[in-house]
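Below are the chains, spelled out letter by letter.
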Protein chains: 2
Amino acid sequence: MTLTSALGLPDDRRRQLEFLVAAHRLTEITRVNRLLDGTRSETSAEHSWHLALCAVVLAEGTAPGVDLARVLEMLVIHDIVEIDAGDVPIYDAAARIEIEALEHAAAQRLFGLLPEPEGARLLALWQEFEEATSEAARFARAVDRLQPLLLHWAGDGAAWHERGITVEKEREIMALIHEMWPPLWETASALIDDAHGRGMLG
Amino acid sequence: MTLTSALGLPDDRRRQLEFLVAAHRLTEITRVNRLLDGTRSETSAEHSWHLALCAVVLAEGTAPGVDLARVLEMLVIHDIVEIDAGDVPIYDAAARIEIEALEHAAAQRLFGLLPEPEGARLLALWQEFEEATSEAARFARAVDRLQPLLLHWAGDGAAWHERGITVEKEREIMALIHEMWPPLWETASALIDDAHGRGMLG
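Quick look at the structure, then. In this text the structure is predicted, and so the values were computed from the model without any measurement.

**Looking at the packing of aromatic side chains**
What the rule picks out here adds up to four aromatic pairs over all chains. Above the ring of Phe129 of chain A, the side-chain terminus of Arg141 of chain A is found at 5.8 Å from the ring centroid.

This is the structure we're talking about:
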């Protein structure tokens, strides 16, 4: 007996609705980033939305010819595993490795709620993002790394101060942007330099 | 003097960053919908993310051949005007008409932060959604109407009870789904019927 059993809808549609209701729990996962008004933490659902917006905007000028639908699909689904596995900050490399098995199990469970072949398609898309095995995935990964940098910078570095992040550490974390999508590196580098120059990064 | 003046980046990139920081304020706009755990209202940023996810999932089976990149771009940007104009519930038809001029001014201001021709392109995309002048826009509008219905249903109708919504009123509001995208009507209708049968709708 599931939530949708009594709806009298075709099985495929029922399973899509089960997934969409389960996925809404991403609004209950909070991140290290705070909102720009400082009142509370950003949720992973909000982060996912802002990433998608960043991709729409930054694709113009930095990612011509990249499959934007694929990028947006990946950004919209990539954090759903946190519903089971929780969010691990990018600054905590050891915890990021530990969480991997949990995230894979979460992906199996959550995308497994969908009808086939859709569940398998979205699971493969999630893996493509994680493993950065396509041009679309590399652009998406770079945007996912740049967005917290932009927010921390716009929030006067409060998130960096709280965690005692140095400029060297920030450059090391953000090097992934250069690795994934060089055209975005100038932007990341300018934000880090400005943050450092204004004393936001130790 | 703007936020990004000192970054030493090309003007187009600076303006993109100004827009992305300003747009993050959509996380501060709250809606009538509550989260499924009941703890707080959904934000418009979270709503926008969940809409994009609904479109990714429901396109399979109900919108083959529709330009998904265009649908997702529209869903990701469509609520940004609420940063200036606020959110008006779908149940309040008079207020929805009153707010239109405010929303148009907000779209001009916010998309105007972007470099050209990108700002004009996103403004036109926002208008395409509002006026439902393309297949992609009609599918996106139907998804935007279906998502609160799904959430209210999954939340045992608390949002309907709070506002005293009857089944006739809900059918009237949701008729837009049939008008915009008939393949989604079976789903909307099943949710309304089930909600009515279980006493969630007066």
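**Thoughts on the pattern of salt bridges**
Counting across every chain of the model gives 24 salt bridges over all chains. For Arg31 of chain A, the salt bridge goes to Glu42 of chain A, with nearest N and O atoms at 3.2 Å. In this pair, Arg31 of chain A sits in strand S1 (residues 30–34) while Glu42 of chain A sits in strand S2 (residues 41–43), placing the two residues 11 residues apart along the sequence. Classification of Arg31 of chain A as buried rests on a relative accessible area of 13%. For Arg109 of chain B, the salt bridge goes to Asp84 of chain B, with nearest N and O atoms at 2.7 Å. Residue Arg109 of chain B is located in helix H6 (residues 100–111), and its partner Asp84 of chain B is located in helix H4 (residues 82–85); the two are separated by 25 residues in the primary sequence. Overall, the relative accessible area of 41% leaves Arg109 of chain B in the partly exposed class. Exposure remark for Asp84 of chain B: the relative accessible area of 37% places this residue in the partly exposed category. Beyond isolated ion pairs, a larger network of salt bridges with shared partners links Arg31, Glu42 and Asp87 of chain A.

**Notes on unusual backbone geometry**
Of the consecutive residues Glu116 of chain A and Pro117 of chain A, the connecting peptide bond is found in the cis state with omega at 5°. Structurally, Pro117 of chain A can be placed in the loop between helix H6 (100–111) and helix H7 (118–131). Although it is not a glycine, Asp156 of chain A adopts a positive phi angle of roughly 55°. Mapped onto the elements of the fold, Asp156 of chain A is located in the loop between helix H8 (135–154) and helix H9 (158–163). Residue classification places Asp156 of chain A among the exposed positions, given a relative accessible area of 52%. You will see that Ala132 of chain B, though not glycine, has its phi angle at about 55°, which is positive. Mapping Ala132 of chain B onto the fold places it in the loop between helix H7 (118–131) and helix H8 (135–154).

**Description of the nonpolar core**
In this structure, Ile80 of chain A together with Ile80 of chain B are the most contacted members of the largest nonpolar core, which totals 150 residues. Other than its neighbours up to four places away in sequence, Ile80 of chain A contacts Phe19, Ala23, Leu26 and Leu110 of chain A together with Trp49 and Leu53 of chain B.

**Quick word on the interface of chain B and chain A**
How big an interface is tends to be reported as the loss of accessible area on association of its parts. The interface is formed by 61 residues belonging to chain B together with 61 residues belonging to chain A. Of the roughly 5,300 Å² buried at the junction of chain B and chain A (both faces included), carbon and sulfur atoms supply 72%. Three residues, Leu20, His24 and Trp49 of chain B, lead the burial of chain B against chain A; their summed loss comes to 14% of the area buried on that side. Where chain B packs against chain A, one counts two salt bridges. Between Glu60 of chain A and Arg121 of chain B there is a salt bridge; the shortest N-O distance is 3.8 Å. Those elements giving two or more residues to the side of chain B that touches chain A turn out to be helix H1 (11–23), strand S2 (41–43), helix H2 (44–62), helix H3 (68–77), H7, H8 and helix H11 (185–197) of chain B. Ranked by the residues each element gives to the side of chain B that touches chain A, the list is headed by H2 of chain B, at 14 residues. Here the side of chain B that touches chain A is composed, by residue class, of 37 nonpolar, 11 polar and 13 charged.

**Things to note about the packing of helix H1 (residues 11–23) of chain A against H2 of chain B**
In contact at an axis separation of 11 Å, H1 of chain A and H2 of chain B are set at 170° when each is read in the N-to-C sense. Judged by the inter-axis angle, H1 of chain A sits roughly antiparallel to H2 of chain B. At the point where H1 of chain A passes H2 of chain B, the crossing takes the right-handed sense. Judged by residue contacts, Arg13, Gln16, Phe19, Leu20 and Ala23 of chain A of H1 of chain A engage Trp49, His50, Leu53, Cys54, Val57, Leu58, Glu60, Gly61 and Thr62 of chain B from H2 of chain B.

**Structural notes on the environment of Gly8 of chain A**
Residue and element names in this part refer to chain A. Mapped onto the secondary structure, Gly8 falls in the segment before H1. By relative accessible area, Gly8 is classed as exposed at 67%. Note: C-alpha distance between Gly8 and Glu42 (34 residues apart in sequence) is 37 Å.

**Structural notes on H2 of chain B**
Residue and element names in this part refer to chain B. With 19 residues, H2 should cover 27 Å at 1.5 Å per step; its first-to-last C-alpha distance of 25 Å lies within 8% of that length. Considering bend angle alone, the principal kink of H2 is centred on Val56 and spans about 25°. The buried count for H2 comes to 17 of 19 residues, which makes it a mostly enclosed element.

Calculation rules
Residues numbered from 1 in each chain as written. Chains lettered and ligands numbered in written order. Predicted model: local features only at pLDDT ≥ 70, side-chain atom pairs only at ≥ 80, totals over all residues. Heavy atoms only, no water. Phe/Tyr/Trp six-rings, centres within 6.5 Å; stacked < 30°, edge-to-face > 60°. Lys NZ or Arg CZ within 6 Å of the ring centre and 35° of its normal. Salt bridge = Lys/Arg side-chain N within 4 Å of Asp/Glu carboxyl O. Helix = DSSP H or I, 4+ residues; strand = E, 2+ residues; numbered from the N terminus. Buried < 20%, exposed > 50% of the residue type's maximum accessible area, 1.4 Å probe, protein only. Core = buried A, V, L, I, M, F, W, Y, C linked by side-chain atoms within 4.5 Å. Contact = heavy atoms within 4.5 Å. Buried area = accessible area lost by both parts, 1.4 Å probe. Nonpolar A, V, L, I, M, F, W, Y, C, P; charged D, E, K, R; others polar. Axes fitted to C-alpha atoms, helices over the stretch in contact; angles between N-to-C directions. Parallel < 35°, antiparallel > 145°, perpendicular 65-115°, else oblique. Left-handed = near helix turned anticlockwise from the far one by under 90°. Expected span 1.5 Å × (residues − 1). Bend = angle between axes of the 7 residues up to and from the residue.

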